[in-house]
Amino acid sequence: MRPYVTVNFAMSADGKLSTAERRQVKISGPADFLRVDRLKAESDAIMVGIGTVLADDPSLTVKSEELRRWRSSLGKDENPVRVVVDSTGRTPPDASLLRKGPGKRVIGCSRTADPVATGRLARYADIIVAGDDKVDLGGLLGSLFRTGIKTLMVEGGGTLLWSLFEEGLVDEMFQFVGNIVIGGSESPTPADGTGFLLESQFTRMELISSAPLDEGVLLHWKVKRARDGAPSSPETLGE
Ligand code: NAP
C-alpha cells in the first residue's frame, strides 16, 4: 500500500515551471496561494525533489496561522511531514525545510548515499533508504505509508513528477496555468525526464474541474489508470 498522491504545481501559459536557469518565478496569485496552503494543511506529508530544494530552498510550512491551529486542534503537527527525494544526501543541513517550523522531516535516499552526509542529516530528519542508485519511489511511498502517511502532496519539480507519472504513482493533479510566457527549451516542465514513447504508456486523466483563478486558470485532474494496490481516493485508503 502507498499514500494517495496529489501533485500540485503552477506553470506558465507555455508550460514551464521556472526559467532555464531554474530560477523560481511567481506564476500564480493570492487566491492560488491560499488554495495551495489549504491543500498542504490537509495533507499528511508534502514531498519535493532535491533539485527543488537546491533551486528554491522552500520551507514547505503551512503559512496560515488559522490552518496551523486547525491541524493542532486535530492533534497533528502544525506542518505536514516534509519529505525530500535525495539519492545521495545533498540536502544542505541548513535548508529551510529542515530548520523552519515544527514537524517531522524525512529524507528519502538510495544506497549510494554518502553515510557522512546522511549521518549529518539524521540530526534533523528520519532517513529512509530505498533503491540502489536513484530513490525507489514505490519503496519510499510504501515506507511512508507504514509510518501513517495516508495522503501525500507532491510539489515538484519536473524530474520527480516525471518519475511518479512513469511509475504510475500519481492519483490526482492540480495544475495552475498562469498568464505569463517563460519560454526556453531547457526550462523545466511538469514532467521532464525521458517522456513516454508509446501512446499505450501515456498517463490518462479525467478532468474534474476547470475554473478561472487569479489571472490564470486552475485545472483539477484525476488519473484514470490506477495501478494494483493504488488507492482510488483518500477515503478508500487502507481498505
Ligand atoms: P526535482 O524534480 O525537484 O528533483 C530531481 C532530483 O531528485 C533528481 O535530479 C535526483 O537527484 C532526485 N531523485 C532521486 N531519485 C529520483 C527518482 N526516482 N526520480 C526522480 N528524481 C529523483 O528537480 P528539477 O527537475 O530540477 O526541478 C527543479 C525546478 O522546478 C526548479 O527550477 C524549481 O523552481 C521548479 N519548481 C517549480 C514548481 C512550480 O510549481 N512552478 C514547483 C516545484 C519546483 P539525485 O540523483 O541527486 O538524488
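Per chain, residues are indexed from 1 in the order of the written sequence. Per-residue local features of the predicted model are confined to residues with pLDDT of at least 70, and side-chain atom pairs are confined, for both listing and counting, to 80 or more; whole-chain, interface and lining totals are unaffected and use all residues. The side-chain values count all of the structure's non-hydrogen atoms but skip hydrogen atoms and water molecules.

1. Here we look at helix H1 (residues 30-42)
Phase 1 of the analysis: The end-to-end C-alpha distance of H1 is 18 Å, a good match for the 18 Å that 13 residues give at a rise of 1.5 Å each.
Phase 2 of the analysis: When we look at burial in H1, the residues that qualify are Asp32, Arg35, Val36, Asp37, Leu39, Lys40 and Ala41. Helix and strand assignments follow DSSP, with helices taken as H or I runs no shorter than four residues and strands as E runs no shorter than two, numbered in order from the N terminus. Expected span, for any helix, means 1.5 Å times one less than how many residues it has. Note on exposure labels: buried denotes an accessible area under 20% of the residue type's maximum, exposed denotes more than 50%, and partly exposed covers the range between, all computed with a 1.4 Å probe on protein chains only.

2. Overview of the side chain of Asn8
Phase 1 of the analysis: Counting through the fold element by element, Asn8 comes out in strand S1 (residues 4-11).
Phase 2 of the analysis: Here a polar contact means two N or O atoms within 3.5 Å. Within protein one must be a hydrogen donor candidate and the other an acceptor candidate, and residues neighboring in sequence count only if both atoms are side-chain atoms. At a separation of 2.9 Å, a polar atom in the side chain of Asn8 contacts the side chain of Arg35.
Phase 3 of the analysis: What Asn8 contacts, discounting residues up to four positions off in sequence, is Arg35, Val36, Leu39, Met153, Val154, Glu155 and Phe174. Contacts are residue-level and defined by heavy atoms, with any inter-residue pair within 4.5 Å sufficient.

3. Some words on the side chain of Lys16
Phase 1 of the analysis: Considering the arrangement of structural elements, one finds Lys16 in the loop between S1 and H1.
Phase 2 of the analysis: For the buried residue Lys16, which engages in no salt bridge, the nearest side chain bearing the opposite charge is Asp14, 5.3 Å off.
Phase 3 of the analysis: A polar side-chain atom of Lys16 sits 3.2 Å from the main-chain carbonyl oxygen of Gly184.
Phase 4 of the analysis: Those residues in contact with Lys16 that sit more than four places away from it in its chain are Ala10, Met11, Ile27, Ile182, Gly183, Gly184, Ser187, Pro188 and Thr189. Charge convention: Lys and Arg are scored as positive, Asp and Glu as negative, and His as well as the terminal groups of each chain are ignored. The term salt bridge refers to a side-chain nitrogen of Lys or Arg lying within 4 Å of a carboxyl oxygen of Asp or Glu.

4. Let's talk about the layout of surface pockets
Phase 1 of the analysis: Definitions used throughout: a 1 Å grid over protein atoms alone; a cavity as a set of points that fits a 1.4 Å probe which cannot get out; a pocket as an open set with protein on both sides within 12 Å along at least five of seven lines; a lining residue as one with an atom within 4 Å of a point. Grid points are joined across faces, edges and corners, and a volume is the space filled by probe spheres set on the points. Roughly 270 Å³ of volume is contained in the second largest pocket.
Phase 2 of the analysis: In terms of lining, the second largest pocket is formed by 16 residues, of which the most central are Asp44, Val81, Lys104, Thr147 and Ile149.
Phase 3 of the analysis: For this scheme, ten residues count as nonpolar: Ala, Val, Leu, Ile, Met, Phe, Trp, Tyr, Cys and Pro. Four count as charged, namely Asp, Glu, Lys and Arg, and the remainder, Gly too, count as polar. Taken together, the residues of the lining of the second largest pocket sort by class into six nonpolar, four polar and six charged.

5. Considerations on the site of the ligand
Phase 1 of the analysis: Close to the ligand lie 27 residues, the nearest being Thr52, Ser87, Lys134, Thr159 and Ser163.
Phase 2 of the analysis: Asp56 places a side-chain nitrogen or oxygen 2.9 Å from an oxygen atom of the ligand.
Phase 3 of the analysis: Among the elements that take part in the shell around the ligand, helix H2 (residues 50-56) stands out by supplying five residues, more than any other.
Phase 4 of the analysis: Taken together, the residues of the shell around the ligand sort by class into 11 nonpolar, 10 polar and six charged. A molecule or strand has a residue near it when one of that residue's heavy atoms lies within 4 Å.

6. Side note on the pairing of strand S4 (residues 105-109)
Phase 1 of the analysis: Within S4, five of the five residues are buried, which leaves the element mostly enclosed by the surrounding structure.
Phase 2 of the analysis: The two faces of S4 match: Arg105, Ile107 and Cys109 on one face and Val106 and Gly108 on the other face are all buried.
Phase 3 of the analysis: By definition, the crossover connecting two strands over a helix is right-handed if that path, from the first strand to the second, turns clockwise as seen with the strands pointing away from the viewer. With helix H5 (residues 115-121) bridging S4 and the parallel strand S5 (residues 126-129), this β-α-β connection has right-handed handedness.

7. Re the pattern of salt bridges
Phase 1 of the analysis: Under the definition given, this model contains seven salt bridges.
Phase 2 of the analysis: The residue Arg69 makes a salt bridge to Glu65 at a minimum N-O spacing of 3.1 Å. A residue pair is termed a helical-turn pair when its members lie 3 or 4 positions apart in one helix, as Arg69 and Glu65 do in helix H3 (residues 65-73) at four residues.

8. Describing the nonpolar core
Phase 1 of the analysis: By nonpolar core we mean a set of buried residues, namely Ala, Val, Leu, Ile, Met, Phe, Trp, Tyr and Cys, connected to one another through side-chain atoms within 4.5 Å. Among the nonpolar cores identified, the biggest contains 31 residues, and Met47, Val83, Leu140, Leu144, Val154 and Leu164 are the most heavily contacted of them.
Phase 2 of the analysis: Elements with a minimum of two residues in this core: S1, strand S2 (45-49), strand S3 (81-85), helix H6 (137-146), strand S6 (151-156), helix H7 (158-166), strand S7 (172-177) and strand S9 (216-223).
Phase 3 of the analysis: Apart from residues lying up to four places away in sequence, Met47 is in contact with Val83, Val85, Leu140, Leu141, Leu144, Leu152, Met153, Val154, Glu155, Gly156 and Leu160.
Phase 4 of the analysis: Ranked by size, the runner-up nonpolar core spans 22 residues in total, among them Leu39, Val84, Leu98 and Phe174.

9. Brief notes about H7
Phase 1 of the analysis: In terms of burial, H7 is largely enclosed, as seven of its nine residues are buried.
Phase 2 of the analysis: Three or more residues of H7 are buried, namely Gly158, Leu160, Leu161, Trp162, Ser163, Leu164 and Phe165.
Phase 3 of the analysis: Those residues of H7 hidden inside the fold are in contact with S1, S2, S3, H6, S6 and S7.
Phase 4 of the analysis: Gly168 occupies a position one or two residues after H7 and carries a positive phi of about 70°.

The values are spatial; any link to function lies outside them.
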